[in-house]
Amino acid sequence: MQQVRLVSADDKLVVALTGEIDSATSEDLYAEVAAMYQNDKKDVVFDCAGLEFIDSTTLGTFVKIFKNLKADGNKLILKNMRPRIKKLFEICALDRIMEFD
């Protein structure tokens, strides 16, 4: 089960992710984040402390979100990521284009 929750919308949109996000739920993640972003276009920070699992489809979803933000001049920042999940981003060289905090 996944949960996407807007934690803060001050200078950045801070979105907490929990649980597992895979091919069955990644479109839900995209839809929820896209709706938040459309209402308040600014940098998006994903707090991944509670994120337990992602798959390759979810990586693609992060890329899609990243491209949308970049087109508007905004950033995607990932923080509190577990080492085994961060490793997936590194294997795909996404750590070179996305920010980690």
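Small disclaimer: the values here were computed from a predicted structure and weren't measured.

J.: How should the pattern of salt bridges be read in this particular structure?
T.: A side chain of one charge can pair with a side chain of the opposite charge when the charged atoms of the two come close. The full count for this structure, using the stated rule, is five salt bridges. One salt bridge in this structure joins Lys-12 and Asp-11, with 3.9 Å as the shortest N-O distance. Lys-12 sits in the partly exposed class, given a relative accessible area of 27%. The exposure class assigned to Asp-11 is exposed, which follows from its relative accessible area of 61%. With a closest N to O distance of 3.6 Å, Asp-72 and Lys-41 form a salt bridge.

J.: Can you help me understand the packing of aromatic side chains in this one?
T.: Two measures describe an aromatic ring pair: the distance that separates the ring centres and the angle between the ring planes. By the definition in use, this model includes three aromatic pairs. When the ring of Phe-46 is compared with that of Phe-62, the centres are 5.2 Å apart and the planes differ by 90°; the resulting orientation is edge-to-face. Remark: Phe-62 occurs in helix H2 (residues 56-71) and Phe-46 occurs in strand S3 (residues 44-54); sequence separation between them is 16 residues. The burial state of Phe-46 is the same as that of Phe-62; both residues are buried. Three or more aromatic residues link up through ring pairs in this structure, and these residues are Phe-46, Phe-62, Phe-89 and Phe-100. Above the plane of the ring of Tyr-30 lies Lys-64, whose end atom (NZ or CZ) is 4.1 Å from the centre.

J.: So what exactly am I meant to see when it comes to the side chain of Lys-42 here?
T.: Mapped onto the secondary structure, Lys-42 falls in the loop between helix H1 (26-39) and S3. Lys-42 sits in the buried class, given a relative accessible area of 14%. A polar contact of 2.5 Å, which involves the side chain of Lys-42, links it to the backbone oxygen of Asp-10.

J.: Is there a simple way to explain the packing of H1 against H2 in this structure?
T.: How two helices sit against one another is set out by the angle between their axes and by the gap between those axes. Direction vectors running N to C along H1 and H2 enclose 20°, while the axes themselves pass 9 Å from each other. When the interaxial angle is binned, H1 and H2 end up roughly parallel. Seen from above, H1 lies across H2 with right-handed handedness. Here Ser-26, Glu-27, Leu-29, Tyr-30, Val-33 and Tyr-37 of H1 lie close against H2, whose contacting residues are Thr-57, Thr-58, Thr-61, Lys-64, Ile-65, Asn-68 and Leu-69. Per-class residue counts for the contact of H1 with H2 are six nonpolar, five polar and two charged.

J.: Looking at this structure, how should I read unusual backbone geometry?
T.: When glycine is set aside, most residues are seen to have a negative phi, and most peptide bonds are trans. Non-glycine residue Asn-80 carries a positive phi angle of around 55°. Considering the arrangement of structural elements, one finds Asn-80 in the loop between strand S4 (76-79) and helix H3 (83-91). A positive phi is found at Ala-93, a non-glycine position, where the angle reads about 60°. Tracing the sequence through the fold places Ala-93 in the loop between H3 and strand S5 (99-100).

Reading the values: the criteria
Residues numbered from 1 in each chain as written. Predicted model: local features only at pLDDT ≥ 70, side-chain atom pairs only at ≥ 80, totals over all residues. Heavy atoms only, no water. Salt bridge = Lys/Arg side-chain N within 4 Å of Asp/Glu carboxyl O. Buried < 20%, exposed > 50% of the residue type's maximum accessible area, 1.4 Å probe, protein only. Phe/Tyr/Trp six-rings, centres within 6.5 Å; stacked < 30°, edge-to-face > 60°. Helix = DSSP H or I, 4+ residues; strand = E, 2+ residues; numbered from the N terminus. Lys NZ or Arg CZ within 6 Å of the ring centre and 35° of its normal. Polar contact = N/O pair within 3.5 Å; in protein donor to acceptor, adjacent residues only side chain to side chain. Axes fitted to C-alpha atoms, helices over the stretch in contact; angles between N-to-C directions. Parallel < 35°, antiparallel > 145°, perpendicular 65-115°, else oblique. Left-handed = near helix turned anticlockwise from the far one by under 90°. Contact = heavy atoms within 4.5 Å. Nonpolar A, V, L, I, M, F, W, Y, C, P; charged D, E, K, R; others polar.

Bear in mind that shape data such as this cannot, by itself, settle questions of function.
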